[in-house]
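Take a look at the letters that make up each chain.
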Amino acid sequence: MSRRVLVVDDDPLLREVAKAALEMVGGWTVLTAGSGSQAQAIASSEQPDALLLDVMMPGMDGPATVLALQEDATTRDIPVIFLTAKVGGRRSDAWAGLPVVGVIPKPFDPMTLSAEVAQLLGW
Amino acid sequence: MAALSAEDHEQAMHAVLHTLTASALSTNLARCLVLDSALTALEQGRCTDTVRLEAEQAAHQMVGSAGTFGFPHVSDLAGELEQLLAGSGAEDADSADGTPADPGEATDLARARQLLAQIQAELTAGSAGGHQPAG
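1. Thoughts on the nonpolar core
Of all hydrophobic cores here, the largest spans 28 residues; its most connected members are Leu22, Leu52, Leu113 and Val117 of chain A. Elements represented by at least two residues in this core include exactly β1 (4-8), α1 (12-25), β3 (50-54), β4 (80-84) and α4 (113-121) of chain A together with α1 (6-43) of chain B. It is α1 of chain A that provides the largest number of residues to this core, a total of 7 residues. Among all residues touching Leu22 of chain A, those that are not within four sequence positions of it are Val5, Val7, Gly27, Trp28, Val30, Leu52, Leu113, Ser114 and Val117 of chain A. Grouped together as the second largest cluster of nonpolar side chains are 27 residues, Ala41, Val74, Leu109 and Ala112 of chain B included.

Below is the structure:
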């Protein structure tokens, strides 16, 4: 059965290109969400195999979304990968201790995104 | 029906990138307007936290978007601009009350203006020239 990945990003074009990359190159089924709260609801109802989660979003940002997923027994075991333009610097301190599998920096290469995700998840 | 080959998938991905790149250019040019307004407000000492944060977010989004859609240099410039905007918030809590910028801030603002002008020039050139996405 195809893997199911939830891509969460407030930029609709980046969501779309990540979705296309994971579907076309990775061969996976991709769900999308445009906010942390929407991601929380979809993760709970759809139980994806992994989340690819933007860090800096309006409202509930990536770290807050991870904490919300952790508080819900139905979502706490879903592995999360941060997808972010922020790697290093003062902001990374805020999410250094969060239970995420890894970080993929933006900009990303759509042709290699699925391979990076697979490597981090051991797929 | 025969399964698609890896090469077919790659070609399909390039077609998607090509389609989305035009939209990404327009979106990033619109983000330049947000940045321009925020820099003007900073230069005039009347920038609110909300305006600065919106500008920081616009620069942040441009880092990811421009690089992914084939403008790696714009992505680098936007990253530097984002850092300058973040620094302006950390260092200048009085900017909204009309206090003139100190010499260090003025230098940062001048650099931010340069960065924005370069970003706009590169995006406009890409828009006019039918830019092809990398990847």
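2. Some thoughts on the interface of chain B and chain A
In this complex, chain B contributes 26 residues to the contact, which on the side of chain A involves 24 residues. Of the roughly 2000 Å² buried between chain B and chain A on both sides combined, carbon and sulfur atoms contribute 70%. On the chain B side of the interface with chain A, the three residues burying the most area are Met13, His60 and Thr68 of chain B, jointly 29% of the side's total. Inspection of the chain B/chain A interface yields 1 salt bridge. Among the salt bridges present, the one from Asp11 of chain A reaches Arg31 of chain B, with a minimum N-O distance of 2.9 Å. Counting every contact that joins chain B to chain A gives 4 residue pairs in polar contact (both at pLDDT 80 or more).

3. Thoughts on the state of the cysteines
Summed over all chains, the structure comprises 0 disulfides over all chains. Cys47 of chain B provides the cysteine sulfur closest to Cys32 of chain B, a residue in no disulfide bond, and the two sulfurs are 17 Å apart.

4. Section: the side chain of Gln57 of chain B
Mapping Gln57 of chain B onto the fold places it in helix α2 (residues 49-68). Given a relative accessible area of 19%, Gln57 of chain B falls into the buried group. When neighbours within four sequence positions are excluded, Gln57 of chain B is seen to be in contact with Asp10, Met56, Met57 and Pro58 of chain A.

5. Structural notes on the environment of Ala43 of chain A
All names here are of chain A. Locating Ala43 in the fold gives a position in helix α2 (residues 36-46). Along the backbone, Ala43 and Val25 are 18 residues apart, and their C-alpha atoms lie at a distance of 23 Å. When near neighbours in sequence (up to four residues on either side) are disregarded, Ala43 contacts Leu6, Pro48, Leu51, Leu69, Thr75 and Ile78.

6. Quick notes on helix α3 (residues 62-71) of chain A
Residues and elements named next belong to chain A. Of all the positions in α3, only Gly62, Pro63, Thr65, Val66, Ala68 and Leu69 are classed as buried. Its buried side turned inward, α3 meets α2, β3 and β4. With a side-chain oxygen lying 3.0 Å from the backbone nitrogen of Ala64, the N-terminal cap of α3 falls on Asp61.

Criteria and thresholds
- Residues numbered from 1 in each chain as written.
- Chains lettered and ligands numbered in written order.
- Predicted model: local features only at pLDDT ≥ 70, side-chain atom pairs only at ≥ 80, totals over all residues.
- Heavy atoms only, no water.
- Core = buried A, V, L, I, M, F, W, Y, C linked by side-chain atoms within 4.5 Å.
- Buried < 20%, exposed > 50% of the residue type's maximum accessible area, 1.4 Å probe, protein only.
- Helix = DSSP H or I, 4+ residues; strand = E, 2+ residues; numbered from the N terminus.
- Contact = heavy atoms within 4.5 Å.
- Buried area = accessible area lost by both parts, 1.4 Å probe.
- Salt bridge = Lys/Arg side-chain N within 4 Å of Asp/Glu carboxyl O.
- Polar contact = N/O pair within 3.5 Å; in protein donor to acceptor, adjacent residues only side chain to side chain.
- Disulfide = S-S within 2.5 Å.

Function cannot be read off these values alone, since they describe shape.
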